[in-house]
Amino acid sequence: MTARWALERSPAQRVVIVGASLAGLRAAEALRAGGFDGSLHVVGDEVHEPYARPPLSKALLAGAKTLEELRLPPMAAVDASWHLGATAVKLDISARRLLLHDGTRLSFDALLIATGARPRRLAAEQIDGVHVLRTLDDARRLRTALLERPTRVTVVGGGFIGLEVAATARQLGLAVTLVDGAPLPMLAAVGNRVAAFFARQHRRHGVDLRLGIGVTGLQADTGQLSAVELADGTRLTADLAVVGLGTVPNNAWLRGSGLLLDGGVRTDAALRVLDKGAKPVPGIVAAGDVARTPHTLFDDEPLRVEHWTNAVDQAGTAARTMLHHLTGATGEPAPYIGVPSFWSDQYDTKILSVGLPALGTESRLLEGDPTDGRFLVGYGRRGRLVGAVAVGHARRLAAYRRQIAARGPWPPTASATAVPAARFTT
Ligand SMILES: Cc1cc2nc3c(=O)[nH]c(=O)nc-3n(C[C@H](O)[C@H](O)[C@H](O)COP(=O)(O)OP(=O)(O)OC[C@H]3O[C@@H](n4cnc5c(N)ncnc54)[C@H](O)[C@@H]3O)c2cc1C
């Protein structure tokens, strides 16, 4: 029985997608491309059509891209009912029904949870001058504030978003201080060598890095930020702070649903959500930044990966798993096996990562030289290559990506990652 044939027999089936962003949009496209011709509803709490988040900390913040250039393919291109500005507040997995904030009830045959993540906040963030960066509205507020030329931009947290905001603010000619509790920015994610490069690069561009000292609080004067307090008692005068302390998954609305929610929305390898007994729930899947999924390439460890490509690839798997359920196909749905990848733009350097460097227990400089800003570092665990980061050296990364997908050895062999010999034709 083909999926197409089965779907034609059940035209009244309904799929609901919660989260109208990257994973939600891509899954909607994949469902239609896979032959689903029932009714499709996409629910999203933002009022905007789906847009790309990566430029929010880069080109949009710098003023080099407009909102129009951020848009993902228009909603109208996908045959679906879009509920924008609508928040899902409750999921009943046995009645197979979703409740929206305005009382609307949507029953479904299959459901995708793609509600992403939100910034982790400092307690005292309700004061003017304190920003986070996740949404288009956040980015517009922050850009407006940067254009008012604050005396100094204080970035709290040296993760990718903090570093990108610092780079963009420097490019706008603003004074920037970046504070991180770790001895180097991005240390846990990329290890010593790459983290040391980030520190050098930002210092060279004039960022005042305060490392190894955590932030203990924010001070306000009549509701406006006045200072950032550090653990060693230092008080940094500040009129604008950007807090980039990582994210928390948007899964609170699922409390009481009976789903397993530790560290995200837990799924099996085919992205079916798990109930509290760790059993997959038929026809309900999760994908993207909210999903915590056992990754077959990394010893089935349940991981929540917050990368663009992960959201895109998982959306495809989630759509296939829903189609598997809707068509009553036999056997197990196929697992998600994508190799995570990530990019970051800081100043004029492109940083590309494949696999999961943060899982590495050892790392090694494999190519190039960090002092000239063009190099590649590999990461290994239990005798296998698990990640690679290329700084200004993107061309060679594909070979390492193939090795990670093939569960190649650590350290990687020269022949496995060699550049193929040039072929000449006569
Ligand atoms: C500033 C920034 C820069 C980035 N740069 C890069 C980069 O350079 N490279 C890279 O690989 N990745 C980058 N990312 C990460 C990438 O954008 C994410 O991995 C991707 O957006 C994840 O897509 P998603 O659909 O899973 O989640 P999201 O994009 O977070 O979308 C989830 C949607 O669900 C909505 N929602 C939440 N709860 C509900 C609810 N109860 N009801 C209805 N709707 C709800 C949210 O408001 C949101 O619209 C960046 C992210 C940010 C914020």
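Residues numbered from 1 in each chain as written. Predicted model: local features only at pLDDT ≥ 70, side-chain atom pairs only at ≥ 80, totals over all residues. Heavy atoms only, no water.

**Student:** If you had to explain the side chain of Asp138 to someone new, which residues and values would you point to?
**Tutor:** Along the polypeptide, Asp138 turns up in helix α5 (residues 136-147). Judged by relative accessible area, which is 9%, Asp138 ranks as buried. Within the local environment of Asp138, its side chain forms a polar contact with the backbone nitrogen of Arg134, the two atoms lying 2.9 Å apart. For Asp138, the contacting residues outside a window of four places in its chain are Val132 and Leu133. (Helix = DSSP H or I, 4+ residues; strand = E, 2+ residues; numbered from the N terminus. Buried < 20%, exposed > 50% of the residue type's maximum accessible area, 1.4 Å probe, protein only. Polar contact = N/O pair within 3.5 Å; in protein donor to acceptor, adjacent residues only side chain to side chain. Contact = heavy atoms within 4.5 Å.)

**Student:** Run through the pairing of strand β26 (residues 374-381), naming residues and quoting values.
**Tutor:** Within β26, seven of the eight residues are buried, which leaves it mostly tucked inside the rest of the structure. Where strand β25 (residues 362-369) and β26 come together, seven bridges link them in antiparallel fashion. For Glu367, the partnering residue across the bridge sits in β26 and is Leu376. The loop that links β25 with its antiparallel partner β26 comprises four residues; one of these, Gly373, has a positive phi angle of about 75°. (Pairing = 2+ DSSP bridges.)

**Student:** I'd like a description of helix α2 (residues 22-33), backed by residues and values.
**Tutor:** An ideal rise of 1.5 Å per residue puts 16 Å on 12 residues; α2 measures up with 16 Å between its terminal C-alpha atoms. Looking at the buried side of α2, the elements it contacts are β1 (14-18), β2 (39-44), β3 (81-84), β7 (110-113) and α8 (308-326). One or two residues past the end of α2 sits Gly35, with phi positive at roughly 105°. (Expected span 1.5 Å × (residues − 1).)

**Student:** So what's going on with the domain arrangement of the protein? Residues and values would help.
**Tutor:** Annotation of the protein at the domain level lists domain 1 (3-118 + 248-326), domain 2 (121-245) and domain 3 (348-405). Each of domain 1 and domain 2 has a C-alpha centre, and the two are 31 Å apart. Taken together, the contact between domain 1 and domain 2 spans 16 residues of the former and 14 residues of the latter. Run the count over domain 1 and domain 2 and you get two salt bridges. Among the salt bridges present, the one from Asp289 reaches Arg134, with a minimum N-O distance of 2.9 Å. Applying the counting criterion to the domain 1 and domain 2 interface returns nine residue pairs in polar contact (both at pLDDT 80 or more). For the side of domain 1 that touches domain 2, the secondary structure elements donating two or more residues are α3 (59-62), α4 (67-70) and β8 (117-119). The biggest single contributor to the side of domain 1 that touches domain 2 is α3, with three residues. Here the side of domain 1 that touches domain 2 is built from residues that sort into eight nonpolar, three polar and five charged. (Domains from an automatic or database assignment. Salt bridge = Lys/Arg side-chain N within 4 Å of Asp/Glu carboxyl O. Nonpolar A, V, L, I, M, F, W, Y, C, P; charged D, E, K, R; others polar.)

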